[in-house]
Every structure is written in C-alpha cells, then in structure tokens.
Amino acid sequence: MINMNIFFKVFLSLLLTAVIILGIAIPTVSNPQGFFQFPFIPGLEEKARNIFFHVPMAWTSVLAFFMAMFYGIQYLRTKNPDYDLRSVSSAGLGLMFCILATVTGSIWAKFNWGSFWNWDPRETSIFILLLIYGAYFVLRSAIEEDEKRGALSAVYSIIAGVTVPFFVFVMPRIMSGLHPGSLGDEQGSGPVVEMNMAPNMLVIFFASLIGFTMLYFWMYSLRIRTARLEQQHYSTE
Amino acid sequence: MMTGLIPYQIFVKEIISEFRTRYALNALMMFVVTTLTMVVFSLGDNDVPYEILSGMLWIIIFFSAMSGLSRTFVAEEERGTSLTLRLLTKATNVYIGKLMYNIVLICSLSVFIALAYQFIIDDFVVQSQSIFWVTILLGSIGLAGASTILAAIIAKANTKGTLFPVLSFPILLPLLLTCIRATVLAVEGAFISEALKDFQILISFAIVMIAASVMLFNFVWND
C-alpha cells in the first residue's frame, strides 16, 4: 500500500517535470521533423505552448467543481458529514485551479490579443465561475452550524451549476469571441483547439492533462485526510 | 388542518401581512425614487447613449428587487413564525406561495420603475413598447424565480442583508444580460421576431430556476 503511494508520487512528479521541460524547451520551427520540434503556427507562434498548462488547469478546475457538486448532492441525500468535507475540499481546489487558469489565460491574452482582459465570452464565463465560488465560500463562512452550512452551500452550488448552460447560449449573442475555437476564428489558431495539432504536441498535451488530473487527486486526498484529522481533533476536545 | 395550507392561502397571508405595515412597499418606493433622482442628477444635460440607459434601468431594477426580496424569509425568521409554517404544511407549498407573492411584488415594482424611468429620462425613448413590456414582465418573473430560494438560504445564514446581492448576482447575470439586450432592441424599435430568441432564453431561465428550486427548497426549509 505504502509502496503504491510512493510510486504514485514519484511517477506524478516525473511526469509533470517532463511536461514542463518539454513544453517549454522544444523549439518551434516552420518545417518540423522528429519528436523534438514543434510546428510553427501563424498567429500563435511560441505562445502556443500555453496550451500545455492553461487548458489542463481549466479542465482540472471543471473536474473539481463537478466533484464538489456531486458530493454536494450526495450530502443532501444522506446528510453524512464526510460528503460535505469532500465537497468543500474539492471546491477549494477547483477555485485554486480556476485562478491559475485565469492568470495563465490572461497573460497569454496580453501577448496575443494586446490586453490582459477584454471580456471575451470565455473570460466572462471564467469570471462568473470565480464569482460563484467566491460567493460559495463567503456563504460557508457566514454559517456556524455544520449541518446547516453543508446543506445550504450544497443547495447554492447546485442552483449556480444549473445556470451554467445559459452562459453557453447567452454569451455568444452578447459579444463575439476571440478565444481559440470561437466562431469566426481566423487567426489560424483553430487547429490547436480542434485536436488536430501536431502528434508530438498532442502527446505532451495529454501527458499534461493526465498529470494535472493526478495532481488534483493527490491534493484532494491530502486535503480530505487533513480535514478529517482536524474534525477528529475538534470533536475529541 | 388536515389538507394543509394550499399555496394560494400563503400568498394571501403574505399580501395581508404586507398591507398591515406597508413596510416593504413604502421602503421600496422610496428606494426607487432616490435611485432615479441620483441617476437624473448624475446624467445632467449630457447626451447619454441609449445602450447605457438600458443598462442603467436594469441596474435599478436589480438592486431594488434585491432589497425587496431579501425580506420575504428574513421577516418570517424574525417574527418566529417560520416554525408554525413548517408545522402547518409541506415545504413545496410554502415555496410556491412565497414565489407567487415575490412575482407579484417584483412585477409591480419593475412596472413602476419602468414607467417612472421613461417619464423622467427624456433620452430614453422606447420605440417598440411591446418588446419592452414583455421583457420587463419575463425579467421580473425570472428575477423572482431565482431569488426566492436564495432569500430562503440567506434567512438561514447569520448575515441577513449584505450577502444577498453577492449570492444572486452570478446566478442572475445571464438573465440581466439578456434583459439589457432585449431592452436595447426595444429602444431601437426592432420587430418582435428579432427579440424572440431573447424571450426564449428568459422563459427557459425562469422555468429551469423554478424547477430546481422546487426540488431543492425542502433541504433549505426543513433543516
């Protein structure tokens, strides 16, 4: 059991180290040959590397929020306080990855679009996500009883989750998008999003995706274990 | 009572207890008048584009709705009457009764705001009145539908008023953006077919919010 745990951590750190080194160090050339050369994409150029970090972060935060909502529903059904612990641990990690994705995306936008923030539909929706989970944690801090806090915050996260599809329909009608993959994307950055990027980029991208997902699960189990210990400590006092 | 209170009786009870003091009505009227005056003074003699005026209208509606709606369940907790309601009937009945009252409250409030706004601000000329009033109506129903359960959450939390706009803003944003867009269309004098997509969004928002609230209200009400 302990051996598996160590194996997991070593594998995770090696994987993420490899992803970071390869993602940053491999040069982009106009005529790539072999694994250690990236293709040159007009309009994105060196900035294409952001896809190895920004997209996995955004994916991990969505996964974490989804887990938080799932355990919130489980908590409402069973009233088992352990589910509330899982829910809040996952929501906290989701917020952290969401902030990381916002920062990396914003820096990328500065050099690709010319400004750190210009209310592109994707930027707006990630901003709303930050607002929702900011409000979620404020709500939690306002309630003192454990049982009530768990139930009310779970209800809030479900109500907030229900509105998400509306952004998909509403946002494109309000403003046109600049983000790669939006309609009318003419910058030539479409191929990256449509998953027909170069094979070696694809390998690193998926390695990064797996690495960040594993990182999330590791941090998640750590948070749950410390939260359980904290709870034990306070209940025996 | 064997059958339990039906939602309509809760609705009537809300109306009666409101008219006993007229607190919410008077406070909200004064709130609206104050805000409108501030808007008029801050605009001065400048030519303001109608897009900004449309947004301003919904800012006023949003914040007055927030101050009106937060009272529905808080007042129940303050008077200590929520326990009686909980004994008398199911959570769903309470929710539907409160929702009906909130819809009536917000609809009359936003109709009042919209009339006063058109009357006071000369630059705000609505060319398609039908789109305008349908937007006001559907927007109010969506506002009330999404906010009723949040008001119940707030009443159970320790902080009463301040948290309400913080919680409801991210949830109401798709509604508000759509309403502002439809109002711009109304001012431009668009055909009603152009605003149909926005109306669809508003209607489905209200339906989804009310359906989710009916399912979840029990967890908030019976803790």
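Residues numbered from 1 in each chain as written. Chains lettered and ligands numbered in written order. Predicted model: local features only at pLDDT ≥ 70, side-chain atom pairs only at ≥ 80, totals over all residues.

A. Highlighting the overall build of chain A. When helices and strands are counted, chain A shows seven helices and two strands. Per-residue burial over chain A gives 33% buried out of 237 residues. For chain A, restricting intrachain contacts to residue pairs at least 6 apart in sequence, the fraction spanning at least 24 positions comes to 71%. (Helix = DSSP H or I, 4+ residues; strand = E, 2+ residues; numbered from the N terminus. Buried ≥ 20, exposed ≤ 12 C-beta atoms within 10 Å, placed from the backbone. Contact = placed C-beta atoms within 7 Å.)

B. A look at the overall build of chain B. A tally of regular secondary structure across chain B gives nine helices and zero strands. Reading chain B from its N end, one meets helices and strands in the order α-α-α-α-α-α-α-α-α. At 18 Å, chain B has a C-alpha radius of gyration in line with the 17 Å of a compact globule built from 223 residues. For chain B, the C-alpha atoms occupy an extent of roughly 60 × 35 × 25 Å along the three principal directions. Taken over 223 residues, chain B has a buried fraction of 44%. Within chain B, residue pairs in contact and separated by at least 24 positions form 87% of the contacts whose partners lie at least 6 positions apart. (Rg over C-alpha atoms; globule rule 2.2 N^0.38 Å.)

C. Examining the environment of Gly44 of chain B more closely. Mapped onto the elements, Gly44 of chain B comes out in the loop between α2 (23-43) and α3 (50-69). Distance in space between the C-alpha atoms of Gly44 of chain B and Ile171 of chain B is 33 Å, their sequence separation being 127 residues.

D. Geometry of the interface of chain A and chain B. At the junction of the two partners, chain A supplies 26 residues and chain B supplies 25 residues. For the side of chain A that touches chain B, the elements supplying multiple residues, two or more each, are α4 (121-142) and α5 (146-174) of chain A. Among the residues making up the side of chain A that touches chain B, the classes are represented as 22 nonpolar, one polar and three charged. (Nonpolar A, V, L, I, M, F, W, Y, C, P; charged D, E, K, R; others polar.)

E. Summary view of the confidence of the model for chain A. Overall, the prediction assigns chain A a mean pLDDT of 83, with 86% of residues at 70 or greater. Counting contacts from residues 184-192 of chain A, a segment whose pLDDT is below 50, to residues more than four positions away or on other chains yields 21 contacts. (pLDDT = per-residue confidence, 0-100.)

F. Expanded view of the packing of α2 of chain B against helix α6 (residues 91-120) of chain B. Residue and element names in this part refer to chain B. Axis separation between α2 and α6 bottoms out at 11 Å; the angle between their running directions is 30 degrees. Judged on the interaxial angle alone, α6 and α2 are roughly parallel. Two packed elements cross with a definite hand, and for α2 against α6 that hand is right-handed. Residues Leu28, Val32, Leu36 and Val40 of α2 form the contact with α6, whose own contacting residues are Leu109, Phe112, Ile113, Ala116, Tyr117 and Ile120. Partitioning the contact of α2 with α6 into residue classes produces ten nonpolar, no polar and no charged. (Axes fitted to C-alpha atoms, helices over the stretch in contact; angles between N-to-C directions. Parallel < 35°, antiparallel > 145°, perpendicular 65-115°, else oblique. Left-handed = near helix turned anticlockwise from the far one by under 90°.)

G. Region of interest: the confidence of the model for chain B. In this model, chain B carries an average pLDDT of 87, and 96% of its residues clear a pLDDT of 70 or more. Both scores are available for the predicted complex, with the pTM at 0.85 and the ipTM at 0.85.

H. Region of interest: the nonpolar core. Counting residues in hydrophobic clusters, the biggest one holds 118 residues, and the most contacted among them are Leu139, Val155 and Tyr156 of chain A together with Ala152, Ile153 and Val220 of chain B. Leaving out residues up to four positions away in the same chain, Val220 of chain B has contacts with Leu152 and Val155 of chain A together with Ile149, Ala152, Ile153 and Lys156 of chain B. (Core = buried A, V, L, I, M, F, W, Y, C linked by C-beta atoms within 7 Å.)

I. Highlighting the packing of helix α4 (residues 71-79) of chain B against helix α7 (residues 129-156) of chain B. Residue and element names in this part refer to chain B. Remark: α4 packs on α7, axes separated minimally by 7 Å, with the N-to-C direction vectors making an angle of 35 degrees. Considering only the axes of α4 and α7, their crossing is right-handed. Facing Thr72, Phe73, Val74, Glu76 and Glu77 of α4, the residues of α7 in contact are Ala151, Ala152, Ile154 and Ala155. Of the residues assigned to the contact of α4 with α7, the class counts are six nonpolar, one polar and two charged.

J. Up close: unusual backbone geometry. Residues and elements named next belong to chain A. Positive phi is not limited to glycine here, since Lys79 has a value of about 60 degrees. Note that Lys79 resides in the loop between α2 (54-78) and α3 (81-112). Looking at Lys79, the number of C-beta atoms within 10 Å reads 13, which means it is partly exposed.

K. How the structure looks around α7 of chain B. The terminal C-alpha atoms of α7 of chain B, which comprises 28 residues, lie 41 Å apart, in line with the 40 Å expected from a rise of 1.5 Å per residue. Counting buried positions along α7 of chain B gives 23 out of 28 residues, so the element sits mostly inside the fold. (Expected span 1.5 Å × (residues − 1).)

L. Quick peek at α3 of chain A. Taking 1.5 Å per residue as the helical rise, α3 of chain A with its 32 residues ought to reach 46 Å, and the 46 Å between its terminal C-alpha atoms agrees with that figure. The positive-phi residue at the C-terminal boundary of α3 of chain A is Gly114 of chain A, with phi of around 100 degrees.

M. Expanded view of the environment of Phe52 of chain A. All names here are of chain A. Examined against the element boundaries, Phe52 turns out to sit in the loop between β2 (38-39) and α2. Taking the C-beta count within 10 Å as the criterion, Phe52 has 22 such neighbours and is therefore assigned buried. Taking the C-alpha atoms as reference, Phe52 lies 18 Å from Met96; in sequence the two are 44 residues apart. Those residues in contact with Phe52 that lie beyond four places of it in its chain are Val19, Gly23, Ile204, Phe205 and Ser208.

N. Representation of the environment of Ile60 of chain B. All names here are of chain B. Tracing the backbone through its elements, the reader meets Ile60 in helix α3. Overall, the presence of 21 C-beta atoms within 10 Å leaves Ile60 in the buried class. Along the sequence, Ile60 and Leu176 sit 116 residues apart, while their C-alpha atoms lie 11 Å from each other. Once you skip the residues sitting within four places of it in the chain, Ile60 turns out to touch Val32, Thr35, Leu36 and Ile113.

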